[in-house]
Amino acid sequence: MSKRIDVKDLDIFYGNFHAVDSVTMAVQPRSVTALIGPSGCGKSTLLRALNRMHEVIPGARVEGSVLLDGEDIYGSGISPVSVRRTIGMVFQRPNPFPTMSIKDNVVAGLRLQGVKGKKELDEIAERSLRGANLWDEVKDRLNRSGASLSGGQQQRLCIARAIAVRPDVLLMDEPCSALDPISTLAIEDLMSELKDHFTIVIVTHNMQQAARVSDQTAFFNLPGAGRPGRLIEMDDTAKIFSNPNQKATEDYISGRFG
Amino acid sequence: MTADIDSLERPSASPTFITISPGRRVKDLVARILVTGAFLLALVPLLWLLWTVVKRGFPAITSAAWWTHSLQGVLPEQFAGGVYHALYGTIVQALIAAVLAVPLGIMVAIHLVEYGLGRLARVTTFLVDVLSGVPSIVAALFVFSVWISTLGFQQSALAVSLALVLLMLPVVIRNTEEMLRLVPDELREASYALGVPKWKTIVRIVLPTALSGIISGVLLALARVMGETAPVLVLVGYSRSINFDVFQGNMASLPLLIYSELTNPLPAGQQRIWGAALTLIIVIGVVYVLAAVVNRFLARKRS
């Protein structure tokens, strides 16, 4: 199932450092939303705040709310573990579990959540690997180590692992920045298939990638060193890349800064 | 700005590549000789020791009853019997210590690496440092004063094991800590992002990833305490016959057997000493080999 996300007045802090300033944005279901902007503007931080992953860093906290179909993931008593089951994440560097086989990697989330039943897990493993366009490449070596795959395959393995737990939302933090162009293409194709089932939010430094894969684009910028990053504007990707409202967006898109 | 960068640029007049000057060749040769010489020098006492122990101990450990009999009923001047009773003591005392120290040490390390923030973790780290500097005789006397003098228990193999726990603990903690820190945070994050709770991430992802290093560290700590002499001198009496009961009675161990045979001036005693020394080296060697095998096995399983 695919759900919408409403971010309201979200401020993100690392200890005393104010990283992201009062972001309000809406992420549509069944679509790809790209977050772009220069390094350090807080887009990865915002992404990690969308499934409470930033909390694993000591001292990190947020103010404001993030509503998933109207339910605040920062509501009192809400368990971050259950938030992360609903909102999955794929990281910049492929990070398969080195002690597990390819199949065990895919079903790791379910198995660690206590799902048993070999047949059920095998089915989910196949479905998820097919969903990640990896099945044909690995079906003969499901028991080999996940580390034996190439970088692009490992990243698709991580995507299969993330979708195996059936999240509503998939967050991707620069998922292609460590990959070659062919693997990147494979992942971009995959994203356009996955958006029929998941709400996808992707952080990318690659402007062409944002233009190719996303329906909506949000541009973040850093007003100055030591100041918090902020959302400059968010709109349909076509609009942002052809006729943005803000001068800063246009400068960034066209390669002219500040 | 550009002037600064210009000054970083290599002057175009200087040759691009330089030849190795005779001075550098000489320095290189001297450094080679020093490093190789130091290595050989360090090797001399090692090989000498091994050679001496093997040469003098070999007849003893190949004698008929060495591995299967104790010294019960064997007269001081008579070379007969074996070190079965002492071998049992050494292994059992070390194993009991490991059973107590390993879970405790691993849990302390997990706390320090995965949860430890603030004062408690800093104090613990400091105390572990202090503990690792405690001489074995002090650990033995501490156990004597608490376990035997204060709590009123008898001297026993168990008391020895308790002292060995104090000696193993800092080694296990330090090693496990290092192995856990080697596990990349990305794996922890990958697990959290799948909706796996922290404790399960530690048990199912972090520990298995660090397992081979933790196990070989434990085995090395085990090998380390097997040769400890101070605890057996202080905390248990020597016995010439086998005693399976770790809770009471005297129990021999290889260091204790060596120590007690030192008072025997006869050739049979000398033979037993060298034999026991070689036996101890072999037992510790076996543990080291085991550590390497475990490491190799787990590494192969991974690829």
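Everything numeric here is computed off the predicted structure, so don't read it as measured data. Position labels on residues start from 1 in each chain and follow its written sequence. Just so you know, chain letters begin at A and ligand numbers begin at 1, following the order they were written in. At least 70 in pLDDT is required for a residue's local features to be given in this predicted model, at least 80 for side-chain atom pairs to be given and counted, and no such filter applies to totals for whole chains, interfaces and linings, which use all residues. Each side-chain value is worked out from all heavy atoms of the structure, with water and hydrogens disregarded.

What about the overall build of chain B?
Then step 1. Per the secondary structure count, chain B includes 11 helices and 0 strands.
Then step 2. Labels follow the DSSP assignment, with helices taken as runs of H or I lasting at least four residues and strands as runs of E lasting at least two, numbered in each case from the N terminus. Mapped in sequence order, the helices and strands of chain B form the string α-α-α-α-α-α-α-α-α-α-α.
Then step 3. All radius of gyration figures rest on C-alpha atoms, and the globule criterion is 2.2 Å times the number of residues raised to 0.38. Taking 303 residues into account, the globule formula puts the C-alpha radius of gyration at 19 Å, and chain B, at 27 Å, lies well above it.
Then step 4. For chain B, the spread of C-alpha atoms along the three principal axes comes to 90 × 60 × 40 Å.
Then step 5. Buried residues in chain B amount to 43% of all 303 residues.
Then step 6. Contacts in chain B between residues at least 24 apart in sequence constitute 73% of all its contacts with a sequence separation of at least 6. Burial classes follow relative accessibility: with a 1.4 Å probe on protein chains only, a residue under 20% of its type's maximum area counts as buried, one over 50% as exposed, and anything between as partly exposed. We call two residues in contact whenever any of their non-hydrogen atoms come within 4.5 Å of each other.

Looking at the interface of chain A and chain B
Then step 1. Between chain A and chain B, the contact holds 27 residues from the first and 19 residues from the second.
Then step 2. Two parts placed together each lose some accessible area under a 1.4 Å probe, and adding up what both lose gives the buried area. A buried area of about 2000 Å², summed over both sides, lies between chain A and chain B, and 67% of it is on carbon and sulfur atoms.
Then step 3. On the chain A side of the interface with chain B, the three residues burying the most area are F97(A), T99(A) and L112(A), jointly 30% of the side's total.
Then step 4. Put simply, a salt bridge is a Lys or Arg side-chain nitrogen that is within 4 Å of an Asp or Glu carboxyl oxygen. Connecting chain A to chain B are 2 salt bridges.
Then step 5. Between R48(A) and E189(B) there is a salt bridge, with the nearest N and O atoms lying 2.7 Å from each other.
Then step 6. The definition of a polar contact used here is a pair of N or O atoms within 3.5 Å, where within protein one atom must be able to donate a hydrogen and the other to accept one, and adjacent residues in sequence count solely through side-chain atom pairs. Inspection of the chain A/chain B interface yields 6 residue pairs in polar contact (both at pLDDT 80 or more).
Then step 7. Taken together, the residues that form the side of chain A that touches chain B break down as 14 nonpolar, 7 polar and 6 charged. Only Asp, Glu, Lys and Arg are considered charged in this grouping, and only Ala, Val, Leu, Ile, Met, Phe, Trp, Tyr, Cys and Pro are considered nonpolar; every other residue, Gly among them, is considered polar.

As for the sheet that holds strand β1 (residues 5-14) of chain A
Residue and element names in this part refer to chain A.
Then step 1. Between any two strands, pairing holds if DSSP finds at least two bridges. Across the sheet, which stays open at both edges, the 4 strands sit in the order β2-β1-β4-β5 with antiparallel pairing between neighbours. Of all the strands in the sheet, the pair left with one neighbour each is β2 (17-27) and β5 (71-72).
Then step 2. Of the strand pairs in this sheet, β1 and β2 are connected by 7 bridges, and their pairing is antiparallel. Among the inter-strand pairings, F13 is bridged to a residue of β2, identified as H18.

As for helix α3 (residues 102-112) of chain A
Then step 1. For α3(A), a buried count of 9 out of 11 residues is recorded, marking the element as mostly surrounded by other parts of the structure.
Then step 2. Regarding α3(A), the residues found buried are I102(A), K103(A), N105(A), V106(A), V107(A), A108(A), G109(A), L110(A) and L112(A).
Then step 3. On its buried face, α3(A) is in contact with α4 (118-131), α5 (135-138) and α6 (151-164) of chain A together with α7 (185-193) and α8 (198-226) of chain B.
Then step 4. The positive-phi residue at the C-terminal boundary of α3(A) is G114(A), with phi of around 100°.

Overview of the nonpolar core
Across soluble globular proteins, nonpolar side chains show a tendency to be buried alongside one another.
Then step 1. Nonpolar cores were defined as sets of buried Ala, Val, Leu, Ile, Met, Phe, Trp, Tyr and Cys residues, with membership established by side-chain atoms within 4.5 Å. By size, the foremost hydrophobic cluster in this structure holds 127 residues, and its most contacted members are L129(A), I159(A), M168(B), L180(B) and L235(B).
Then step 2. Those residues in contact with I159(A), other than ones at most four positions away along the chain, are V90(A), A132(A), M172(A), I187(A), L190(A) and L194(A).
Then step 3. Ranked by size, the runner-up nonpolar core spans 34 residues in total, among them V20(A), F91(A), L171(A) and F220(A).

Concerning the packing of α3(A) against α4(A)
Relative placement of two packed helices is described by the angle separating their axes and the distance separating the axes.
Residue and element names in this part refer to chain A.
Then step 1. Axis definition: a line fitted to C-alpha atoms, limited for helices to the stretch in contact. Angles are taken between N-to-C directions and run from 0 to 180 degrees. Contact pair α3 / α4: the axes reach a minimum separation of 9 Å and the direction vectors enclose 115°. Both α3 and α4 take part in a crossing whose hand is right-handed. Mapping the contact onto sequence places K103, V106, V107, L110 and R111 in α3 and K118, L121, D122, I124, A125, S128 and L129 in α4.
Then step 2. Each residue belonging to the contact of α3 with α4 can be placed in one class, and the counts come to 7 nonpolar, 1 polar and 4 charged. Rotating anticlockwise by less than a right angle from the far helix to the near helix defines a left-handed crossing, while the corresponding clockwise rotation defines a right-handed one.

A closer look at the sheet that holds strand β3 (residues 32-36) of chain A
Note on sheets: strands pair through backbone hydrogen bonds, and any given pair is parallel or antiparallel.
Residues and elements named next belong to chain A.
Then step 1. Taken in spatial order, the 6 strands make up an open sheet running β6-β7-β8-β3-β9-β10, and their pairing is mixed. The sheet is open, and its two borders are formed by β6 (87-90) and β10 (230-236), each paired with just one other strand. In this sheet, adjacent strand axes meet at a mean angle of 20° when their direction is disregarded.
Then step 2. Two strands pair when backbone bridges link them, and strand β7 (residues 169-173) and strand β8 (residues 199-203) are joined in this way by 5 bridges, in the parallel orientation. Among the inter-strand pairings, V169 is bridged to a residue of β8, identified as T199.
Then step 3. α6 contacts β6 and β7 of the sheet and is inclined by roughly 170° relative to β6.
Then step 4. In the packing of helix α7 (residues 181-194) onto the sheet, contacts are made with β3, β7 and β8, and the angle to β8 comes to roughly 150°.

Overview of the environment of N243(B)
Residues and elements named next belong to chain B.
Then step 1. By secondary structure assignment, the location of N243 is in the loop between α9 (230-235) and α10 (254-261).
Then step 2. Under the relative-accessibility criterion, N243 is labelled buried at 15%.
Then step 3. Along the chain, N243 and L29 lie 214 residues apart, while their C-alpha atoms are 60 Å from each other.
Then step 4. In contact with N243, not counting residues within four places along its chain, are Y88, Q248, G249, N250 and M251.
Then step 5. Polar side-chain contacts of N243 include one of 2.7 Å to the backbone oxygen of N250.

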